[in-house]
Amino acid sequence: IGYFQQGTFSLSPSQVQASRAYAGMVMTRFAPEPNGPLHLGHARAIHMNFSVARRYGGQCILRFDDTNPRTARQAYCDEGLEMVRWLGYSPASVSYTSDYFDDLLMLSACRLIVDGAAFVCHEQLREGVYYRAVRNSPWRNRSPSENMKEFKMMCVGLYREGEAVLRLKVRTRSGLRDPVAYRVCNSEHYRSGTRWCVFPTYDFSHSIIDSHEGIAVSLCSAEFASHRSIYQWIQKKLGMYRVPQREFQRLEVGGCLLSKRQLIAGLGTSFHTYDDPRLATLTGLRRRGIPPEAIRRFVREGYREYEQLLDLTREVLLLQAKHCMVVLQPLACHVVNYDKVAAAEGMAGQVLVSLQAQESQAGHNSLGHHVTLSSVIYINQYDFHLRETRHYFTPTSPVRLRGTCYAMHLCSMERGDGGEVVSLQVLLRKVEGKVKSMKVLTWVSEPVPVTLNFFDSPNRRGPFLYSQLPPVCSTTALMEAGPLSGLRLGRYFTYGQTLQAERFAYITLDPSSSSSSSSSPSSLSSPSDDDPV
Ligand code: ATP
Ligand code: MG
Ligand code: MG
């Protein structure tokens, strides 16, 4: 079987015709098991299914494959739908495998028993092991009526878990034999409750529901290649609409864990949450500030390195993100002629500056919001030098405040006990004309204190370990209040938005309230009204 690579999958004209005749249009489905968080690998499967449907003018269904009552949770379904939508895809409908427990799946099982194509087996085999059974089950040749009686006993709870399973009577060329169709499980199901104590398997339910929903092609990852003949056998035996199965390669990204099961298993022993910005879960990537467009391009264009995802992120944000200014090591500059400036602006006590929109490299307006200019301005300590230095503020060379037409001139400075400069007295003067030739500094006034958390890329060497996630580096900074307060132009720094902090980094608001990290458990806590953002 040749796996197809990204974006190259197409349906044959007869497949298109068959699915249109059956379902009215080309349908596909993305069918995650709601047993854990969706991750970057799922984004690839989502993209495949939605893009095939779109190519043929069809639609894609989101189906939660909730056959395992022990692990399926409504919360994962809710989050799954939210993340599919966040990525920018709209499912035609949302369905659940458990929607079909009562009739379709149960009736299909009975039908196969009656036809002599399924039997109840009592061998104590762990699920997963059954495929490789080397010899025939001693119960393989039971009569249909005996199997029916046994299956009823399974269904009404007369067998305990592991004591009986319903098997399909099929042997595949790849060596799988008699796969399990139904098993006993005495856990309460999050949707069907205690109504059933038997549950269908993935193999059984997928084949039947794909056919029932009129799916044009069953796209799945490569590990299901050996299940293909079982998938086809079931539809054939039941005389159902036949769906071709095609496999694609699982996405693997160095340093990232892209399996739900392993993500969950690992979380059990660490104190991380699965929306940790260093994980490649979709919630983690969202929290990190990766825009959905970057993820879509990543999977569409077949990238495989985390660094490439960050590159795409920068490409997308360069065009989208609004700009703001932050100051890391604040040096206070007291404006000695503030009253005069305010009077000249026609505002007593407070100056409102409209930061001039500037053409950025990407050709869009980078600033362009209003901020308050008070009598204290903060600049970065490292932007002030005592000796004449190019690009910096010095006693002999004034600088222009970024986004304004004010030049700042040094009057005097205050020094601490060790002789270090602790604050400045400055004069503001309007500059006309030769604005371009002047040095420009980023600054803030009446700022909001913020805590900034920085995340490194995942460690690509060695196996993934939660304990080896890169540490979170935290620092405090002052951010201009304009984007947060919504002064005049509307608050635009809200959850899910990313800003470019000029000369510094892309920053996004962290909505999470209860997360922690290995290096500094308190550093990721959420903002409250009194705390720094
Ligand atoms: P589990 O570990 O529980 O099996 P999973 O990560 O394999 O979880 P599933 O819910 O089984 O996720 O998969 C839903 C769909 O997403 C399937 O079609 C599966 O093939 C696909 N998928 C899962 N992981 C990847 C991946 N890394 N790359 C591409 N597709 C993936
Ligand atoms: Mg699974
Ligand atoms: Mg899987």
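Structure: above.
Worth saying up front: this structure is predicted, and the values here are computed from it rather than measured.

What counts, and where the lines are drawn
- Residues numbered from 1 in each chain as written.
- Chains lettered and ligands numbered in written order.
- Predicted model: local features only at pLDDT ≥ 70, side-chain atom pairs only at ≥ 80, totals over all residues.
- Helix = DSSP H or I, 4+ residues; strand = E, 2+ residues; numbered from the N terminus.
- Buried ≥ 20, exposed ≤ 12 C-beta atoms within 10 Å, placed from the backbone.
- Contact = placed C-beta atoms within 7 Å.
- Pairing = 2+ DSSP bridges.
- Near = placed C-beta within 6 Å.
- Nonpolar A, V, L, I, M, F, W, Y, C, P; charged D, E, K, R; others polar.
- Axes fitted to C-alpha atoms, helices over the stretch in contact; angles between N-to-C directions.
- Arc of directions from axis to C-beta.

Peer 1: So, the overall build of the chain: which residues are in play, and what are the values?
Peer 2: The helix and strand inventory of the chain stands at 13 helices and 24 strands. Split into buried and exposed, the 533 residues of the chain put 39% on the buried side. Excluding contacts between residues fewer than 6 apart, the proportion of contacts in the chain whose partners are at least 24 apart in sequence is 69%.

Peer 1: Outline the sheet that holds strand β22 (residues 473-479), listing residues and values.
Peer 2: One open sheet accounts for three strands, arranged β11-β22-β21; its pairing is antiparallel. Strands at the two margins of the open sheet, each flanked by one partner only, are β11 (326-327) and β21 (448-454). As judged from the two bridges shared by β11 and β22, these two strands associate in the antiparallel manner. By the bridge assignment, valine 327 is partnered in β22 with leucine 478.

Peer 1: Hey, could you go over the site of ligand 1 for me, with residue numbers and the actual values?
Peer 2: In the vicinity of ligand 1 lie 16 residues, with Gly41, Ala45, Ser221, Lys260 and Arg261 positioned nearest. Elements supplying a minimum of two residues to the shell around ligand 1: α2 (40-55), β8 (218-221) and α8 (260-267). If one sorts the elements of the shell around ligand 1 by residue count, α2 sits on top with four residues. The class makeup of the residues in the shell around ligand 1 is five nonpolar, six polar and five charged.

Peer 1: Could you give an account of the sheet that holds strand β1 (residues 27-30), with specific residues and numbers?
Peer 2: A sheet is described by the order of its strands in space; here three strands give the open sequence β1-β2-β3, paired in parallel fashion. The sheet terminates laterally at β1 and β3 (94-96), the two strands that pair on one side only. On average, adjacent strands in this sheet sit at an angle of 35 degrees to one another, irrespective of strand direction. As judged from the four bridges shared by β1 and strand β2 (residues 59-64), these two strands associate in the parallel manner. Paired with arginine 29 across the two strands is isoleucine 61, which belongs to β2. Strand contacts of α2: β1 and β2, with the helix running at about 170 degrees to β1, the strand carrying the most contacts.

Peer 1: So what's going on with the environment of leucine 105? Residues and values would help.
Peer 2: Secondary-structure assignment places leucine 105 in helix α4 (residues 101-114). Once the C-alpha coordinates of leucine 105 and tyrosine 182 are considered, the two residues, 77 residues apart in sequence, prove to be 9.7 Å apart. Leaving out residues up to four positions away in the same chain, leucine 105 has contacts with Tyr100, Pro200, Ser205 and Ile208.

Peer 1: Account for helix α7 (residues 228-237), naming residues and giving values.
Peer 2: Those residues of α7 not exposed but buried are Ile230, Tyr231 and Ile234. The arc enclosing the buried residues of α7, seen along the axis, measures out at 105 degrees, which places them on a common side. Buried residues along α7 sit in contact with β5 (165-168), α6 (202-212), β8 and β9 (245-248). Among the residues trailing α7, glycine 239 stands out with phi positive, at a value near 65 degrees.

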